[in-house]
Amino acid sequence: MEDRETIIGLEIHCQLDTKSKMFCGCSTDFRDNEPNTHTCPVCLGLPGSMPMVNKRAIEFALKVAKSLNCNIREESEFSRKNYFYPDLDKAYQITQYDKPLAEWGKLLIDGDDGEKEIRITRIHLEEDPGRSVHMGTTDRGKYTLVDYNRAGIPLIEIVTEPDLRSPKEARKFLNKLRATLEYLNVFDSEKEGSLRVDANISLKGSERVEVKNISSYKGVEKALTFEVTRQRNLLRRGQTIARETRHFVEARGVTTSSRSKEEENDYRYFPEPDLLPLKVASWVDAIELPELPDARRERFVTQYGVSAEHAKTLTGGLKLAEFYEQVAKEDPALAATWTADYLLGELNYRDFSIDAMPSIIFQELLVLIKSDTITDKSAVEILRLILDAVKEGKQPERPQEIVTRLGLAKSSGDQVTQMIEEVISEQPAAVADYYAGKMQALNFLVGQVMKKCRGRADPGHLNIILKENLDKKV
Amino acid sequence: MTKTLTFDPKDTIHSFITTIPEVSYGEGPLSGVTVAVKDNISTKGIETTCASRILQGYVPPYDAHVITLLKESGAAIVGKTNMDEFGMGTTTENSAFGPTLNPLDLSRVAGGSSGGSAAAVAAGLVDCSIGSDTGGSIRCPAAFCGIAGLKPTYGRVSRYGLIAYANSLEQIGPMARDVSTLSRLYAVIAGHDPRDATSIDKPYSHTPSSDIQGLKIGIPDEFFGEGVNPQVADVVRESIKTLESLGAEVVSCTMPSMKYALSAYYVTCTSEASSNLARFDGVRYGPAIETLKSWHDAYSEQRKDGFGKEVRRRIILGTFSLAAGYYGRYYQKAQTARQMVRDDFERIFRDVDVIAGPTMPDIAFRLGEKSDPLQMYLSDILTVPANLAGVPALSVPCGTVDNMPVGLQLIGRYFEDERIIDTAYAFEQEGS
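Residues numbered from 1 in each chain as written. Chains lettered and ligands numbered in written order. Predicted model: local features only at pLDDT ≥ 70, side-chain atom pairs only at ≥ 80, totals over all residues. Heavy atoms only, no water.

With that out of the way, let us pick up the packing of helix H5 (residues 230-245) of chain B against helix H12 (residues 417-431) of chain B. When two helices pack together, their arrangement is captured by the angle between the axes and the distance separating the axes. Residues and elements named next belong to chain B. Packing of H5 against H12 leaves a shortest axis separation of 10 Å and a crossing angle of 95°. Between H5 and H12, the crossing angle belongs to the class labelled roughly perpendicular. Facing Ser239, Thr242 and Leu243 of H5, the residues of H12 in contact are Thr423, Phe427 and Glu430. Looking at the contact of H5 with H12 residue by residue, the class counts come to two nonpolar, three polar and one charged. (Axes fitted to C-alpha atoms, helices over the stretch in contact; angles between N-to-C directions. Helix = DSSP H or I, 4+ residues; strand = E, 2+ residues; numbered from the N terminus. Parallel < 35°, antiparallel > 145°, perpendicular 65-115°, else oblique. Contact = heavy atoms within 4.5 Å. Nonpolar A, V, L, I, M, F, W, Y, C, P; charged D, E, K, R; others polar.)

This is how it looks when you write it as structure tokens:
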């Protein structure tokens, strides 16, 4: 039975990294603060309060729209989305409905079958509601606390056409989008809750299912993978897929049927009478875009001679790209390999961001590698020791200090020659096997030398020297 | 240098909800002038209820912009006045705390929704007051109580701090026994406020002039049509003759959009109100909500108990007209009708400078007389067009019928508040 095509569209909400909220001057730096301490009459929705548009937020949104090649409306409008919920203090959210800021853009990603364009339906601005903290379980919760610190934080909503064909493509799209937003300096991906995703997913010919409450990048692929499997299983059993809204439960990696009162709400949208239409023509021209991921990727290839694969990896995040450029000065190729192939792996394993590795320290390590002072294996060991120290909150040692402390310096040429001679005389049987044509004997001998020098040599290099030595003696 | 005055009015007409017994005031153009403030305007530290039980005990932590301006001008804010709940009404009978009586006849209403502000001025309890006008709520009580009241051009006075009823229609405005005082008060409260995005940068600094030589006055047929008490019409016509004797020229005109104005008004204001009043749930302010229930049930109960009948009626009407499937038929249509009203004014104002007519179709009703809400809505017919268009309009007393005051309404072009104030001043001076 042929598996039906997967059709996915995403609705992404990102918190814009402005200093103030969308409609008032309250600080957006509310995390780790006491609840309800970053509020004012406006974001609390006190009677008589009125919204004032944050120009910075508009600028940021226009940057995003421009970088995604959207048509920017000359005149857009704010609307009220009316519904009752305790964390929505005005009982309406100021958003944009029928006249959004921008429409019809695109983002290029590496799809499952090569490069492809994902169409952006629309981009608009809105405010975040407050935050509900449920005490107890959602079913039998004793009470709910509401914190309005988050109320009024500027959000940008980006909606895609259903152009994505797999959970993996969805993840790639999000990564590209995130990188773009970082490069534009409008978004801090490390802030908790700064990105929320709702996904619409269907198998061709069947009903669409909406999945809400996805708040991490990894979560998106997990949620969608689970959904695809769930839907395929239903079809295999001859059942139909119901059109519904489901919630993603991150902890269990599953989607569940939504039992809350989020059914078809009539939001009674109408234009926000307290705000004037947004005219952005003059602003749009003034906006200059910085170097975006694709351009940077190309530059890495031409300027640093980095491979296309490496360039893609290294430009995947703004901080990572900047890190690379700092450490690439001496030897771009070496830096590329060690950053992309080794460092990233170690960081991901520990759930660290690039911040965990000070670039100065990494540069030192690269120098030691380049000068042939240590073996690759030792370099990896040093890398791990540094990151483990960071994980424990300790100040990491400098690579040179570790080399000295653990005696990781490579054995000198003379020492190596000495040890080779010793092994050759200690292992006559293996030597004889080698001369008899058994190549495994060479590997064995290399291993013996490695043992002798406690790994302070390059096995590949040893292989060559040992062979030379043996061949000479004949 | 701050001074204090004591305020202990004989408020038998129930014009105040809150009075401040000891009021400090400073220097400035209104130093020591006693001002009463309608109870839908936020006053820091002073209970602000909108005459509703759902806001009983609510003490705003901030001042409305106009309050800041009044304080800076040295005015003495002596109390918060009674009104129709949330501004919804034409008589102040919809107050949750009882109606305000007309000081000229205690068996009659003071008008609404700024009934308390008008009555306090008419009764001489204060020098002047501020009210709000969404569909006639300053002009109506001014007419019924025999004082002057102005609804400014939309945007000339900041709405920051005015507890919203219908954002696209309302303005805060001055009310006084004479036009000069009204003008002085207006000068203080008008001007740009960056916290109100609809606020316009057009301060008012005008001394009323009585020279109306050559002024062209338009009299729309519809303002004197069916539904207007013929005696009221006569008094107003006489007043317009007085204006003619002062050098004005009268031109008759017609406003066909009048027949849609009332519906356009009620659809618009109830729609906006249904959204503006949704925040009143007892969670953050007002009487505390019952927390042992599910939020949905608690909200329903709180709002049913806290809002009066007329408020609930208008919220339901507004919710309906914004509902999916009805938006196009009602709200959107209302905006089209609204544009027709604007267009009519624009057309008429090409040939005339000021439009005149009665403010209200009748004199103040007796308490309890208008029990049918629709009957009540019909009395707004002459005042709502100015709100729909946003043009300035004022009411100035122009005579009596059955010993009750009649108001002459003057409507001007956008930003020509100065001109209608002059016209009113000229009329007033002639009468004195």
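So, about the sheet that holds strand E5 (residues 92-95) of chain A. Residues and elements named next belong to chain A. Pairing within the open sheet is antiparallel, and its three strands lie in the order E5-E4-E15. Looking at strand neighbours, the two that pair on one side only are E5 and strand E15 (270-271), the edges of this open sheet. Here strand E4 (residues 79-82) runs beside E15; their pairing, made up of two bridges, is antiparallel. Paired with Ser79 across the two strands is Pro271, which belongs to E15. (Pairing = 2+ DSSP bridges.)

Below, the discussion takes up the nonpolar core. Core analysis: the largest hydrophobic core is formed by 227 residues, its most contacted members being A:Leu10, A:Ile123, A:Phe173, A:Phe362, B:Leu70, B:Phe86 and B:Leu408. When residues in this core are grouped by element, the largest group, nine residues, is from helix H6 (residues 258-276) of chain B. Contact partners of A:Leu10, with chain neighbours within four places excluded, come to A:Ile158, A:Val159, A:Thr160, A:Leu164, A:Ala170, A:Phe173, A:Leu174, A:Val197, A:Asp198 and A:Ala199. Formed by 24 residues, the second largest nonpolar core is a distinct cluster that contains B:Phe7, B:Ile20, B:Ala120 and B:Val126. (Core = buried A, V, L, I, M, F, W, Y, C linked by side-chain atoms within 4.5 Å. Buried < 20%, exposed > 50% of the residue type's maximum accessible area, 1.4 Å probe, protein only.)

Moving on to a nonpolar patch on the surface. On the surface, A:Met135, A:Tyr143 and A:Leu145 cluster together into a nonpolar patch covering about 270 Å² of accessible area. Residue position: A:Tyr143 is located in strand E9 (residues 143-147). (Patch = residues over 30% accessible without salt bridge, like charges linked within 9 Å, V, L, I, M, F, W, Y side chains within 5 Å. Areas by Shrake-Rupley, 256 points an atom, 1.4 Å probe, with all protein chains shown as cover. Salt bridge = Lys/Arg side-chain N within 4 Å of Asp/Glu carboxyl O.)

Residue and element names in this part refer to chain A. Its place among the elements puts Asn200 in strand E11 (residues 195-203). Here Arg208 takes part through its side chain, which lies 3.4 Å from a polar atom of the side chain of Asn200. When residues no more than four places from it in sequence are discounted, the contact partners of Asn200 are Ile7, Ile8, Gly9, Arg208, Val209 and Glu210. (Polar contact = N/O pair within 3.5 Å; in protein donor to acceptor, adjacent residues only side chain to side chain.)

All names here are of chain A. The geometry of helix H15 (residues 440-452) relative to helix H16 (residues 459-473) is characterised by a closest axis approach of 9 Å and an angle of 115° between their N-to-C directions. When the axes of H15 and H16 are compared, the pair comes out roughly perpendicular. As for how H15 packs across H16, the hand of that crossing is right-handed. Here Leu442, Asn443, Leu445, Val446, Val449 and Met450 of H15 come into contact with H16, specifically with Pro459, Leu462, Asn463, Leu466, Lys467 and Leu470. Here the contact of H15 with H16 is composed, by residue class, of nine nonpolar, two polar and one charged. (Left-handed = near helix turned anticlockwise from the far one by under 90°.)

Let us look at the confidence of the model for chain B. Across chain B, pLDDT averages 96, with 100% of residues at or above 70. Interface confidence in the predicted complex, given as ipTM, is 0.95; pTM for the same model is 0.89. (pLDDT = per-residue confidence, 0-100.)

Below, the discussion takes up the environment of B:Phe223. All names here are of chain B. Position of Phe223 relative to the elements: it lies in the loop between strand E11 (216-220) and H5. A relative accessible area of 0% places Phe223 in the buried class. It is 19 Å that separates the C-alpha atoms of Phe223 and Phe427, two residues lying 204 residues apart in sequence.

It is worth spelling out a positive patch on the surface at this point. Residues and elements named next belong to chain B. On the surface, Arg53, Lys304, Lys309 and Arg312 cluster together into a patch of positive charge. In this fold, Lys304 is placed in helix H7 (residues 295-306). With relative accessibility at 54%, the residue Lys304 sits in the exposed group. (Lys, Arg positive; Asp, Glu negative; His and termini not counted. Charge placed at Lys NZ, Arg CZ, Asp CG, Glu CD.)

Next up on the list: the interface of chain B and chain A. Contact residues are listed per partner, giving 36 residues for chain B and 30 residues for chain A. Between chain B and chain A, roughly 2800 Å² of surface is buried when both sides are summed, and carbon and sulfur atoms account for 62% of that area. At the junction of chain B and chain A, the tally comes to one salt bridge. For the pair chain B and chain A, the number of links is 16 residue pairs in polar contact (both at pLDDT 80 or more). Looking at the side of chain B that touches chain A, the elements with two or more residues in it are H6, H7 and helix H8 (309-322) of chain B. A per-element tally of the side of chain B that touches chain A places H6(B) first, with four residues. Broken down by class, the residue content of the side of chain B that touches chain A amounts to 20 nonpolar, nine polar and seven charged. (Buried area = accessible area lost by both parts, 1.4 Å probe.)

On to the sheet that holds strand E13 (residues 244-249) of chain A. Residue and element names in this part refer to chain A. A sheet is described by the order of its strands in space; here nine strands give the open sequence E2-E6-E7-E10-E1-E11-E12-E13-E14, paired in mixed fashion. At either margin of the open sheet sits one strand with a lone partner, and together these are strand E2 (71-72) and strand E14 (254-257). Sheet topology note: the strand E1 (residues 6-15)/E11 ladder contains nine bridges and is antiparallel. Residue pairing for E11: Cys14 is matched across the bridge by Leu195. Of the strands in this sheet, E2, strand E6 (102-111), strand E7 (114-127) and strand E10 (154-160) are in contact with helix H2 (residues 55-67), which crosses E7 at around 160°.

Residue and element names in this part refer to chain A. Summarising the element assignment, Ile354 is placed in the loop between helix H9 (332-349) and helix H10 (359-370). For Ile354, a relative accessible area of 11% translates into the label buried. Separated by 101 residues in the primary sequence, Ile354 and Gly455 place their C-alpha atoms 29 Å from one another. Among all residues touching Ile354, those that are not within four sequence positions of it are Lys319, Leu320, Phe323, Leu343 and Leu347.

Residues and elements named next belong to chain B. Counted residue by residue, helix H4 (residues 179-189) has eight buried out of 11 residues, so it is predominantly covered. In this structure, the buried side of H4 is in contact with helix H1 (65-72), strand E8 (128-133), strand E9 (148-151), strand E10 (171-176), strand E14 (393-401) and H12. The residue sitting at the N-terminus of H4 and contributing the capping side-chain oxygen is Asp178; that oxygen lies 3.1 Å from the backbone nitrogen of Ser180. Following H4 by one or two positions, Gly191 has its phi on the positive side, about 135°.

This part covers helix H13 (residues 413-426) of chain A. Because an α-helix completes one turn every 3.6 residues, residues spaced three or four positions apart along the sequence face the same direction. Residue and element names in this part refer to chain A. Taking 1.5 Å per residue as the helical rise, H13 with its 14 residues ought to reach 20 Å, and the 20 Å between its terminal C-alpha atoms agrees with that figure. Along H13, the residues that are buried comprise Val416, Met419, Ile420, Val423 and Ile424. For H13, the buried positions fall inside an angular range of 140° around the axis, keeping them on one side. Pointing more than 90 degrees away from the buried face of H13 are the exposed residues Asp414 and Ser425. (Expected span 1.5 Å × (residues − 1). Arc of directions from axis to C-beta.)

A few words on the pattern of salt bridges. One pass over the structure, following the stated rule, counts 64 salt bridges over all chains. Of the charged contacts, one joins A:Arg350 and A:Glu346 as a salt bridge, the two residues approaching to 2.9 Å between their closest N and O atoms. Neither A:Arg350 nor A:Glu346 differs from the other in exposure class; each is buried. With a closest N to O distance of 3.0 Å, B:Arg413 and B:Glu416 form a salt bridge. Each of A:Arg80, A:Glu272, A:Asp274 and B:Arg159 takes part in a single network of salt bridges with overlapping partners.

For the structure on display, the rule yields 30 aromatic pairs over all chains. Ring centres 5.3 Å apart and planes at 85° place the aromatic pair A:Tyr85 and B:Trp295 in the edge-to-face group. One end of the pair, A:Tyr85, is in the loop between E4 and E5; the other, B:Trp295, is in helix H7, on a second chain. The class of A:Tyr85 is partly exposed, set by a relative accessible area of 30%. Judged by its relative accessible area of 27%, B:Trp295 is partly exposed. Centre to centre, the rings of B:Phe86 and B:Phe280 are 5.0 Å apart; their planes meet at 45°, and the pair counts as tilted. (Phe/Tyr/Trp six-rings, centres within 6.5 Å; stacked < 30°, edge-to-face > 60°.)

Another aspect to go through is the environment of B:Met360. All names here are of chain B. Position of Met360 among the secondary structure elements: in the loop between strand E13 (354-358) and helix H10 (373-378). With relative accessibility at 3%, the residue Met360 sits in the buried group. Linking Met360 and Arg303, residues 57 residues apart in sequence, is a C-alpha distance of 32 Å. Sequence-distant contacts of Met360, that is, excluding residues within four places in its chain, are made with Thr90, Cys140, Ala143, Phe144, Val232, Ser379, Leu382 and Thr383.

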